[in-house]
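Fold and contact review
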Amino acid sequence: MSIPLSIAWTDGQLVILNQQKLPHEIDYLTLETIEDVYEAIFTLKVRGAPAIGIAAAYGLAVAARRHHTETVEAFLEAVQTDAEYLGQSRPTAVNLVWALERLLETVKKAETAEAGKALLLEEAKRIHQEDEASCRQIGEYALSLLEGQERVMTICNAGSIATAKYGTALAPFHLGSERGRKFEVYACETRPVFQGARLTVWELQQSGVDVTLITDSMAAHTIGAKGIEAIIVGADRIAANGDTANKIGTLNLAILADAYGIPFYVAAPASTFDLATRSGEEIPIEERKAEEITHIGNQPVAPLGTKVFNPAFDVTPAHLISAIITEKGIIQGDFQRNIPEVLNLYAGKGEKS
Ligand SMILES: CSC[C@H]1O[C@H](OP(=O)(O)O)[C@H](O)[C@@H]1O
């Protein structure tokens, strides 16, 4: 059994597992240009909030290697332009902008372009390593919160391939499997891109975790019929008040958890919090192309030209969230007050001194 990975810096190159080809093909891609990285993020070849941030960070380093400028000022301007370009690849996951801004802050220290190139790559590697450690710690906290609970539902893929390793919502299942802890995971297929059916099922099977696939519409019935004891999901952006953007369909599960009286957990690293965003109303929700809904593969399932609304995310209000599981601890109660306390963060200013 193994925990799958989706991003590597190998022999000086950025290599990703092409998640659009899973589960039937294991296809690795080397992203050689900033355009390659943008396209991989936009088309969900690499996806998942933390993984998007890691890929963008390496993308900035890859792009910088191609700049041969007369001055360090010109180099820094070119890097700034690259960051703005990559930052437009997907709007909802705050990890993308967070990673790019962290690299821009780091590279400002460079006295030469060559030093700047080294700083960018070192910081990208640091973000990659930190995320793996964060996800492992999230898994530990989630295991403690799920003590005595076996039957758990999830949606989309907040797994190892959506992060550096382990995942966020799926981290307790991967760690639990290593320790003989039994879980029965019920994975919503997650239309329209099928991250649940294609990615979460595949990923948990690689790790030897008992996983059952259901359609999104089966969630309410399944919670009752199978005695689901908790729901755990990932996040793409968590506002200062705890409102959480995650894959479309997550709000449905939060409402169902409230109706059934079972806990609804969000698992996410500190890099997914955006304290400059006061509430969920301010979170940009990505809308994607109609064909994701009107077609399955190349097969149309709706009349051609059908009008479509295709939001890729929804926002779960904080009052429906039982706890937010982070690498720095489990946040409950008054999220507005407890988020900065637990994460030791100020709005937009990073760690407390
Ligand atoms: C730890 S992954 C977080 C989040 O990202 C996924 O969205 P997408 O597949 O569109 O990148 C999903 O919302 C996951 O929960």
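This one's a predicted model, so the numbers in the text were calculated from it and none came from an experiment.

Calculation criteria
- Residues numbered from 1 in each chain as written.
- Predicted model: local features only at pLDDT ≥ 70, side-chain atom pairs only at ≥ 80, totals over all residues.
- Heavy atoms only, no water.
- Helix = DSSP H or I, 4+ residues; strand = E, 2+ residues; numbered from the N terminus.
- Rg over C-alpha atoms; globule rule 2.2 N^0.38 Å.
- Buried < 20%, exposed > 50% of the residue type's maximum accessible area, 1.4 Å probe, protein only.
- Contact = heavy atoms within 4.5 Å.
- Areas by Shrake-Rupley, 256 points an atom, 1.4 Å probe, with all protein chains shown as cover.
- Lys, Arg positive; Asp, Glu negative; His and termini not counted.
- Charge placed at Lys NZ, Arg CZ, Asp CG, Glu CD.
- Near = heavy atom within 4 Å.
- Polar contact = N/O pair within 3.5 Å; in protein donor to acceptor, adjacent residues only side chain to side chain.
- 1 Å grid on protein atoms, 1.4 Å probe; cavity = no way out; pocket = protein on both sides within 12 Å on 5 of 7 lines; lining within 4 Å.
- Points joined across faces, edges and corners; volume = space filled by probe spheres on them.
- UniProt positions renumbered as here; feature names shortened; annotations may be inferred.
- Pairing = 2+ DSSP bridges.
- Axes fitted to C-alpha atoms, helices over the stretch in contact; angles between N-to-C directions.
- Phe/Tyr/Trp six-rings, centres within 6.5 Å; stacked < 30°, edge-to-face > 60°.
- Lys NZ or Arg CZ within 6 Å of the ring centre and 35° of its normal.
- Domains from an automatic or database assignment.
- Buried area = accessible area lost by both parts, 1.4 Å probe.
- Salt bridge = Lys/Arg side-chain N within 4 Å of Asp/Glu carboxyl O.

**Quick word on the overall build of the protein chain**
Each helix and strand counted, the protein chain has 11 helices and 18 strands in total. A globule of 353 residues ought to have a C-alpha radius of gyration of about 20 Å, and the protein chain, at 20 Å, matches this closely. By principal-axis analysis of the C-alpha atoms, the protein chain measures approximately 65 × 50 × 40 Å. Relative to its full complement of 353 residues, the protein chain shows a buried share of 56%. A separation of at least 24 residues holds for 75% of the contacts in the protein chain among residues at least 6 apart in sequence. Roughly 14,900 Å² of accessible area belongs to the protein chain as shown, and the carbon and sulfur atoms make up 51% of that amount. Seen as two clouds, the 31 positive and the 46 negative side-chain charges of the protein chain have centres 2 Å apart.

**Some details on the site of the ligand**
The environment of the ligand is made up of 18 residues, and the closest members are Arg47, Arg90, Asp236, Asn246 and Lys247. Glycine 48 places a main-chain nitrogen or oxygen 2.9 Å from an oxygen atom of the ligand. Here an oxygen atom of the ligand sits 2.6 Å away from a polar atom, N or O, in the side chain of asparagine 246. Protein burial of the ligand: of its 400 Å² of free accessible surface, 100% is covered by the chains.

**Considering empty space enclosed by the protein**
Applying the stated criterion to the full structure yields two cavities of 30 Å³ or more. For the largest cavity, the calculated volume is near 180 Å³. In terms of lining, the largest cavity is formed by 22 residues, of which the most central are Arg47, Gly48, Ala49, Asn157 and Asp236. The set of elements that each furnish at least two residues to the lining of the largest cavity consists of α2 (49–64) and β9 (244–247).

**Details of the UniProt feature "active site" (unreviewed entry) in the protein chain**
With numbering aligned to this structure, UniProt lists the feature "active site" (unreviewed entry) at Asp236. Tracing the sequence through the fold places aspartate 236 in the loop between β7 (230–233) and β8 (237–239). A relative accessible area of 8% places aspartate 236 in the buried class. Aside from chain neighbours lying at most four places away, what touches aspartate 236 is Ala49, Thr92, Ala93, Val94, Asn95, Ala245, Asn246, Lys247, Thr272 and Phe313.

**Here we look at the sheet that holds strand β2 (residues 13–17)**
Strand order across the open sheet formed by three strands is β1-β2-β3, with antiparallel pairing between neighbours. The sheet terminates laterally at β1 (7–10) and β3 (28–31), the two strands that pair on one side only. Strand-to-strand, the axes of this sheet are offset by a mean angle of 30°, without reference to chain direction. One ladder, built from four bridges, connects β2 with β3; its direction is antiparallel. Note that in β3 the partner of leucine 14 across the bridge is leucine 31. Running at roughly 25° to β1, α2 makes contact with β1, β2 and β3 of the sheet.

**Overview of the UniProt feature "binding site: substrate" (unreviewed entry) in the protein chain**
Per the UniProt entry, the sites bearing "binding site: substrate" (unreviewed entry) are Arg47, Gly48, Ala49, Arg90, Gln195, Asn246 and Lys247 in this numbering. Lining the largest cavity, from the residues just named, are Arg47, Gly48, Ala49, Arg90, Gln195, Asn246 and Lys247. Residue class for arginine 90 comes out buried when judged on its relative accessible area of 7%. With respect to the helices, strands and loops of the structure, asparagine 246 is situated in strand β9. Sequence-distant contacts of asparagine 246, defined by excluding residues within four places in its chain, comprise Ile155, Val233, Gly234, Ala235, Asp236, Ala312, Phe313 and Asp314.

**Observations concerning the packing of aromatic side chains**
Tallied over the full model, the rule gives four aromatic pairs. Taken together, a centroid distance of 5.1 Å and an interplanar angle of 10° make the contact between tryptophan 9 and tyrosine 58 stacked. Of the two residues, tryptophan 9 is situated in strand β1 and tyrosine 58 in helix α2; the sequence distance between them amounts to 49 residues. One exposure class covers both tryptophan 9 and tyrosine 58, and it is buried. Residue placement shows lysine 247 over the ring face of phenylalanine 313; its charged tip is 4.0 Å from the ring centre.

**Remarks on the pairing of strand β10 (residues 264–267)**
Burial of β10 is two-sided: the residues Phe264 and Val266 facing one way and the residues Tyr265 and Ala267 facing the other way are all buried. In this sheet, β10 lies alongside β7 in parallel orientation, the contact comprising three bridges. Bridging across to β10, valine 233 finds its partner in valine 266. Sheet topology places β10 next to strand β15 (residues 323–326); three bridges connect them, and they run parallel. Pairing of valine 266 across the sheet is with isoleucine 324, part of β15.

**Thoughts on the domain arrangement of the protein chain**
For the protein chain, the assigned domains read domain 1 (7–133) and domain 2 (138–343). Using C-alpha coordinates to define each centre, domain 1 is positioned 25 Å away from domain 2. Counting residues at the interface gives 25 residues for domain 1 and 29 residues for domain 2. Taken together, both faces of the contact between domain 1 and domain 2 bury some 2,300 Å²; the carbon and sulfur share is 55%. Among the residues of domain 1 in contact with domain 2, Arg47, Thr92 and Val94 are the three that bury the most area, contributing 26% of the side total. Counting across the interface, domain 1 meets domain 2 through one salt bridge. Arginine 90 serves as the salt-bridge partner of glutamate 286, at 3.0 Å between the closest nitrogen and oxygen. At the surface where domain 1 touches domain 2, the tally comes to 15 residue pairs in polar contact (both at pLDDT 80 or more). Contributions of two or more residues to the side of domain 1 that touches domain 2 are made by α2, α4 (94–107) and α5 (113–145).

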